[in-house]
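Coordinates in review
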Amino acid sequence: MHHWIKVYENRSAIENNIAIGRSEVFMLKGEKVCIAHTAKGFFAVQDKCPHNAASLSKGYCTSENEIVCPLHRYRFDLESGRSTAGGIYTLKSYPIEFREDGVYVGIKAKWWEM
């Protein structure tokens, strides 16, 4: 079960606010979520780099659909969340949905919320 949280009113709003190659951070249900925009679309992942806790939203996205940490340049595939530089780190991913009434990110409900 997910809590679906509206982050933008529509597709145009998210496209106008997050340019390709950029990202933005949101605090959703107590979790910092980085929404990144690449040529392949929009992806939502944890904002905290698992290597040294830097904010991934302060990094940048590559043409290979990766997000790059601003601190040590660790790279993560935005579709799988896996490190692409040979590391063992993986990002938590969140589903994103484009609906008629807005753009939503799904935050998994805690066991006590079910």
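Please refer to the structure placed before this passage.
Quick caveat: nothing in here was measured; it's all calculated off a predicted structure.

One finds Val 7, Tyr 8, Leu 28, Val 33, Ile 35 and Val 105 to be the most contacted residues of the largest nonpolar core, which totals 17 residues. Elements with a contribution of two residues or more to this core: β1 (2–8), α1 (11–17), β2 (23–28), β3 (31–38), β4 (41–46) and β10 (102–108). In terms of nonpolar packing, the next biggest core, distinct from the first, is built from 13 residues, Phe 43, Val 45, Leu 56 and Leu 78 among them.

We now examine the packing of aromatic side chains. Counted by the stated rule, this structure contains three aromatic pairs. Ring centres of Tyr 8 and Phe 26 lie 5.9 Å apart, and the angle between their planes is 80°; on these two criteria the pair is classed as edge-to-face. Highlighted residues: Tyr 8 in strand β1 and Phe 26 in strand β2, separated in sequence by 18 residues. For Phe 26, a relative accessible area of 15% gives the class buried. Note on Tyr 74 and Tyr 89: the rings are 5.6 Å apart at their centroids and 75° apart in plane angle, and the pair reads as edge-to-face. Here Tyr 89 lies in the loop between β7 (75–77) and β8 (93–94) and Tyr 74 lies in the loop between β6 (66–68) and β7, a separation of 15 residues in the sequence. With relative accessibility at 25%, the residue Tyr 89 sits in the partly exposed group. For Arg 11, the ring lying beneath its charged end belongs to Phe 98, and the centroid distance is 3.9 Å.

Attention shifts here to the pairing of β3. Along β3, seven of the eight residues are buried, which leaves the element largely enclosed by surrounding structure. Summarising the sheet, β2 and β3 pair through six bridges and their orientation is antiparallel. Directly across from Glu 24, in β3, lies its bridge partner Ile 35. Relative to β4, β3 is paired through six bridges, and the arrangement is antiparallel. In the strand pairing of β4, Ala 36 is matched with Phe 43.

Before going further, it helps to examine the sheet that holds β3. Across the sheet, which stays open at both edges, the four strands sit in the order β2-β3-β4-β8 with antiparallel pairing between neighbours. The open sheet has two free edges, formed respectively by β2 and β8, since each of these has just one partner strand.

Time to look at the pattern of salt bridges. As enumerated under the stated definition, the model contains seven salt bridges in all. Between Glu 66 and Arg 75 there is a salt bridge whose closest N-O contact spans 2.8 Å. What emerges from the salt-bridge pattern is a single network uniting Glu 31, Lys 92 and Lys 110.

Calculation rules
- Residues numbered from 1 in each chain as written.
- Predicted model: local features only at pLDDT ≥ 70, side-chain atom pairs only at ≥ 80, totals over all residues.
- Heavy atoms only, no water.
- Core = buried A, V, L, I, M, F, W, Y, C linked by side-chain atoms within 4.5 Å.
- Buried < 20%, exposed > 50% of the residue type's maximum accessible area, 1.4 Å probe, protein only.
- Helix = DSSP H or I, 4+ residues; strand = E, 2+ residues; numbered from the N terminus.
- Phe/Tyr/Trp six-rings, centres within 6.5 Å; stacked < 30°, edge-to-face > 60°.
- Lys NZ or Arg CZ within 6 Å of the ring centre and 35° of its normal.
- Pairing = 2+ DSSP bridges.
- Salt bridge = Lys/Arg side-chain N within 4 Å of Asp/Glu carboxyl O.

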